[in-house]
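# Understanding the architecture of this molecule
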Amino acid sequence: MTSTSSPAPVHFKIVIDAAAPHAQADFWAAALHYEVEDNSALIGKLLGFGAVPAESTVESHGRRAWRDLAAVRHPDDPYQEESGTGLGRRLLFQRVPEVKTGKNRLHLDLHPGEGRREAEVARLEALGASVLRQVKEQGGGWVTMADPEGNEFCVH
């Protein structure tokens, strides 16, 4: 007898190139009401074993963090306690040497709720985002914004 069960859904995270991954993680954690991941337990263990050099880490939020990586996760989603890594909705910011030069091929759409767009845009501007343009079409409207490193996103 053969099994006809379908494969499990594929788990994914969105990875975003960044010049300053920790600053980007802080912005997006505040923007989405997410949590910055705490990888300090894993980092401490790896440092203790001599598996990673101390230069690959920095202090962020009073704890050890990866120098070139920072992630944010939804506060209600599961995570690995031993590593702090989120297992659900997650954005990972990785340091890259080059600057952003063109339009995003992928962007996030934020939906703060009916009648809350203007207040959300103002809140995001206070966090360091900028308004690029306001769009009004027959089907609706939105505001295209840029995060502190220039990555576009929309607020509906």
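Whatever comes next refers back to the structure up there.
As the structure is a computational prediction, the values presented were derived from the model and not from experiment.

Cut-offs and rules
- Residues numbered from 1 in each chain as written.
- Predicted model: local features only at pLDDT ≥ 70, side-chain atom pairs only at ≥ 80, totals over all residues.
- Heavy atoms only, no water.
- Axes fitted to C-alpha atoms, helices over the stretch in contact; angles between N-to-C directions.
- Helix = DSSP H or I, 4+ residues; strand = E, 2+ residues; numbered from the N terminus.
- Parallel < 35°, antiparallel > 145°, perpendicular 65-115°, else oblique.
- Left-handed = near helix turned anticlockwise from the far one by under 90°.
- Contact = heavy atoms within 4.5 Å.
- Salt bridge = Lys/Arg side-chain N within 4 Å of Asp/Glu carboxyl O.
- Pairing = 2+ DSSP bridges.
- Buried < 20%, exposed > 50% of the residue type's maximum accessible area, 1.4 Å probe, protein only.
- Core = buried A, V, L, I, M, F, W, Y, C linked by side-chain atoms within 4.5 Å.
- Arc of directions from axis to C-beta.

This next bit is on the packing of helix α1 (residues 21–32) against helix α3 (residues 117–127). At a minimum axis distance of 10 Å, the contact between α1 and α3 shows a crossing angle of 160°. Classed by the angle they form, the pair α1 and α3 counts as roughly antiparallel. Note that α1 runs across α3; the crossing there is right-handed. The segment α1 lies against α3, with Phe27, Ala30 and Ala31 engaging Glu120, Arg123, Leu124 and Leu127.

Taken as a whole, this structure holds 8 salt bridges when the rule is applied. Note that Glu35 and Arg73 form a salt bridge whose closest N and O atoms lie 3.3 Å from each other. With a gap of 38 residues between them, Glu35 in strand β2 (residues 35–36) and Arg73 in strand β5 (residues 69–73) connect regions that are remote in the sequence. A salt bridge links Arg89 to Asp77; its shortest N-O distance comes to 2.6 Å. Of this pair, Arg89 sits in the loop between β5 and β6 (90–95) while Asp77 sits in the loop between β5 and β6, placing them 12 residues apart in sequence.

Let us look at the sheet that holds strand β1 (residues 14–18). Strand order in the open sheet formed by 4 strands is β1-β6-β5-β2, with mixed pairing between adjacent strands. The outermost strands of the open sheet, each flanked by one partner alone, are β1 and β2. Sheet analysis places β5 next to β6, joined by 5 bridges and oriented antiparallel. Directly across from Ala71, in β6, lies its bridge partner Leu92.

Counting buried residues along β5, 4 of its 5 residues qualify, which places the element largely inside the surrounding structure. Here β2 runs beside β5; their pairing, made up of 2 bridges, is antiparallel. Looking at the pairing, Val36 lines up with Val72 of β5.

With that settled, the discussion passes to the nonpolar core. Of all hydrophobic cores here, the largest spans 20 residues; its most connected members are Trp28, Val72, Phe93, Leu124, Met145 and Phe153. For this core, the elements supplying multiple residues, two or more each, are β1, α1, β5, β6, α3, β9 (140–146) and β10 (152–155). By residue number, the principal contributor to this core is α1, which donates 5 residues. With sequence-adjacent residues up to four places away left out, Phe153 is seen in contact with Phe27, Trp28, His107, Leu108, Leu110, Leu124, Ala129, Val143, Thr144, Met145, Ala146 and Asp147.

Turning next to the sheet that holds strand β8 (residues 130–137). Spatially, β7-β10-β9-β8 is the arrangement adopted by the 4 strands of the open sheet, whose pairing is mixed. Each edge of the open sheet is held by one strand with a lone partner, namely β7 (108–110) and β8. With direction set aside, neighbouring strand axes in the sheet form an average angle of 25°. Against the sheet, α3 touches β7, β8, β9 and β10, its axis set at about 5° to β9.

What follows covers α3. In an α-helix, one turn spans 3.6 residues; hence positions three or four apart end up facing the same way. Residues of α3 that are buried include every one of Glu120, Val121 and Leu124, and no others. Projected down its long axis, α3 carries its buried residues within an arc of 100°, all on one side. Facing away from the buried side of α3, by more than 90 degrees, are the exposed residues Glu118, Ala119 and Ala126. Check the buried side of α3 and you find it contacts α1, β7, β8, β9 and β10. Of the residues one or two after α3, Gly128 is the one with positive phi, at around 120°.

Geometric descriptors of this kind do not, in isolation, establish any biological role.
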